[in-house]
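For reference, the chains in residue letters:
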Amino acid sequence: MFGSGQNSDIVLVNSQMIFRFPKYAEGIRQLKREAAFLNRIAGRVPIEVPRPIYSSFASLEPGRAFIGYRKLSGKPLEAEVLMSDLDERGWRQLAGQLGGFLKALHGIETEKMNDGRSDDNLYSEWSELYDRIRTKLYRYMKPEARLWTDRHFTGYLGEKKNFEIRLAAVHGDFGTSNILYDSDKRRISGIIDFGSAGIGDPAVDCAALLASYGEQFLQFAAAVYPEIDGMMDRITFYRGTFALQEALFGLEHEDSEAFHSGLAGYR
């Protein structure tokens, strides 16, 4: 056994192949969608992603469905690596790689990847998230924090232009733990964990990049992905929700660490 996540058991074979076995029926359906997404983008993005070699989804019984792919090299690109190991030139190179990856990913045709999402669905998702935050989290938040959250969400939801956008193929969880770095070559070596991937607002991925590495890094990425500049209002909104989403996840899934980490990050 290599590890066990919330939804899957993970097995590493000969230090080369990773096999994931979903624990639940919904996890199997999610992994099937992830495999289809990866097969769709493999070879069309400039950084390596997992390429499914073995898979079986004939049964929804846990332990029978699985996916297998070669383990990508590298370690997660933590923000501390940028601060301690790289100068501005290094920042620009890595940001350029990630900006190029997002530009390519967000530019892939989505007709055959349609998961039923629309602009109306996107509005509903964020409106429903706001309702859940008010209903479940507000009791744990200070009055000034609740007031800021009200302004943050109502201001965004009230702007029609925020939902008049072109939906795209998105990673959905583009944070430090899913960006692999080769310290010898000082390059991004892979992007992993596409469990949240699908059709959505490309600004979500850019917001994760901003939250992970800061404004200057995002601007360096915009040098190769200039469309980022036109997404900044949405990027800023999404970034402001991440800690709240983590706290809400922790509360709903009885994950005390995520709950307290989210509230601390929000403050």
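Each chain carries its own residue numbering, running from 1 in the direction its sequence is written. Residues qualify for local features only when their pLDDT is at least 70, as the model is predicted, and side-chain atom pairs are given and counted only at 80 or more; totals for whole chains, interfaces and linings, by contrast, use all residues. Values reported for side chains reflect all heavy atoms of the structure, with hydrogen atoms and water molecules removed beforehand.

A. Just the sheet that holds strand β8 (residues 179-182), in detail. Read across the sheet, three strands follow the order β6-β8-β9 without closing on themselves; strand pairing throughout is antiparallel. With one partner strand each, in any of the chains shown, β6 (75-76) and β9 (187-191) form the two edges of the open sheet. The contact rule is simple, with two residues in contact once any of their heavy atoms fall within 4.5 Å. Convention adopted: a line fitted to C-alpha atoms gives each axis, helices being fitted over their contacting stretch, and angles between N-to-C directions are expressed from 0 to 180 degrees. What counts as a helix is a DSSP run of H or I of at least four residues, what counts as a strand is a run of E of at least two, and both are numbered from the N terminus. Running at roughly 30 degrees to β9, helix α3 (residues 88-106) makes contact with β8 and β9 of the sheet. The criterion for strand pairing is that DSSP finds at least two bridges linking the strands in question.

B. Looking closely at the packing of aromatic side chains. Note on ring pairs: Phe, Tyr and Trp rings are taken, using the six-membered ring of Trp, and paired if centres are within 6.5 Å. Classes follow the plane angle, with under 30 degrees stacked, over 60 edge-to-face and the rest tilted. Taken as a whole and assessed by the stated rule, the structure comprises 17 aromatic pairs. Each ring, one from Tyr-140 and one from Phe-259, has its centre 5.2 Å from the other, and the planes form 75 degrees; the classification is edge-to-face. With a gap of 119 residues between them, Tyr-140 in the loop between α4 (119-137) and α5 (143-157) and Phe-259 in helix α10 (residues 256-266) connect regions that are remote in the sequence. Three or more aromatic residues joined by ring pairs make a cluster, and in this case those are Tyr-123, Trp-126, Tyr-130, Phe-153, Tyr-156, Phe-163, Phe-237 and Tyr-238. The rule for a charge over a ring is simple: NZ of Lys or CZ of Arg within 6 Å of the ring centre, and within 35 degrees of the ring normal. One cation-aromatic arrangement involves Arg-134 over Tyr-130; the distance from NZ or CZ to the ring centre is 4.1 Å.

C. Quick look at the nonpolar core. Counting residues in hydrophobic clusters, the biggest one holds 65 residues, and the most contacted among them are Leu-98, Phe-101, Ile-191 and Leu-209. Per-element tally for this core: the top contributor is helix α6 (residues 203-213), with eight residues. Among all residues touching Leu-98, those that are not within four sequence positions of it are Ile-47, Phe-174, Ile-179, Ile-188, Ile-191, Leu-209, Tyr-213 and Phe-217. In terms of nonpolar packing, the next biggest core, distinct from the first, is built from five residues, Ile-18, Leu-31, Ala-35 and Ile-67 among them. We call a set of buried residues a nonpolar core when its members are Ala, Val, Leu, Ile, Met, Phe, Trp, Tyr or Cys and they connect through side-chain atoms within 4.5 Å of each other. A simple rule labels every residue: compare its accessible area, found with a 1.4 Å probe on the protein chains alone, to the largest value its type can have, and call it buried under 20%, exposed over 50%, or partly exposed in between.

D. Examining the side chain of Arg-234 more closely. Within the secondary structure layout, Arg-234 lies in helix α8 (residues 232-239). On the basis of relative accessibility, which here comes to 11%, the residue Arg-234 falls in the buried class. Ignoring sequence-local partners within four residues, the contact set of Arg-234 consists of Tyr-156, Asn-162, Ile-165, Asp-201, Pro-202 and Ala-203.

E. Representation of the packing of α5 against α8. It is the contact of α5 with α8, at a shortest axis distance of 11 Å, that shows an interaxial angle of 145 degrees. Helix-helix and strand crossings are classified by hand; for α5 and α8 the assignment is left-handed. Taking contact as the criterion, the partners of His-152, Phe-153 and Tyr-156 in α5 are, on α8, Asp-233, Arg-234, Thr-236, Phe-237 and Tyr-238. The nonpolar class holds Ala, Val, Leu, Ile, Met, Phe, Trp, Tyr, Cys and Pro. Asp, Glu, Lys and Arg form the charged class, and all remaining residues, Gly among them, are polar. For the contact of α5 with α8, the residue count by class is four nonpolar, two polar and two charged. For any helix crossing, the convention is left-handed if the near helix is rotated counterclockwise from the far helix by under a right angle, and right-handed if that rotation is clockwise.

F. Region of the structure containing the pattern of salt bridges. By definition, a salt bridge exists where a carboxyl oxygen of Asp or Glu is found within 4 Å of a side-chain nitrogen of Lys or Arg. Going through the model one piece at a time under the given rule, you end up with 13 salt bridges. In this structure, the salt-bridge partner of Glu-48 is Arg-51, at a minimum N-O distance of 3.7 Å. Arg-51 gets classed as partly exposed once you look at its relative accessible area, which sits at 40%. A single salt-bridge network, built from bridges that share partners, covers Glu-26, Arg-29 and Arg-33.

G. Summary view of unusual backbone geometry. The phi angle at Ser-15 is positive, at roughly 60 degrees, despite the residue not being glycine. Secondary-structure assignment places Ser-15 in the loop between β2 (8-13) and β3 (17-22). Overall, Ser-15 belongs to the exposed group, its relative accessible area being 59%. Positive phi outside glycine occurs at Arg-186, with the angle close to 55 degrees. With respect to the helices and strands, the residue Arg-186 is situated in the loop between β8 and β9.

H. Main features of helix α1 (residues 25-41). In a helix, the anticipated span is given by 1.5 Å times the number of residues less one. If you check α1, its first and last C-alpha atoms are 25 Å apart, about what 17 residues at 1.5 Å a residue would give, namely 24 Å. For α1, every residue scored as buried is listed here: Gly-27, Ile-28, Leu-31, Glu-34, Ala-35, Phe-37, Leu-38 and Ile-41. Looking at the packing, one finds that the buried side of α1 touches β3, β5 (66-70), α3, β7 (168-170) and β10 (198-200). Backbone geometry just after α1 places Gly-43 at a positive phi near 85 degrees.

I. Structural view of the pairing of β5. The pairing of β3 with β5 spans four bridges and is antiparallel. By the bridge assignment for β5, Met-17 is matched with Arg-70.

J. Region of the structure containing the environment of Ile-188. Position of Ile-188 relative to the elements: it lies in strand β9. Relative accessible area serves as the criterion here: at 6%, Ile-188 is assigned to the buried category. Considering only alpha carbons, one finds Ile-188 and Leu-77, 111 residues apart in sequence, at a separation of 8.1 Å.

K. Spotlight on the pairing of β2. Of the pairings in the sheet, the one linking β2 to β3 comprises six bridges and is antiparallel in character. Looking at β3, one finds that Asp-9 is bridged to Phe-21. In this structure, the hairpin formed by β2 and β3 is closed by a connection of three residues, where Asn-14 is found at a positive phi of approximately 55 degrees.

Bear in mind that shape data such as this cannot, by itself, settle questions of function.
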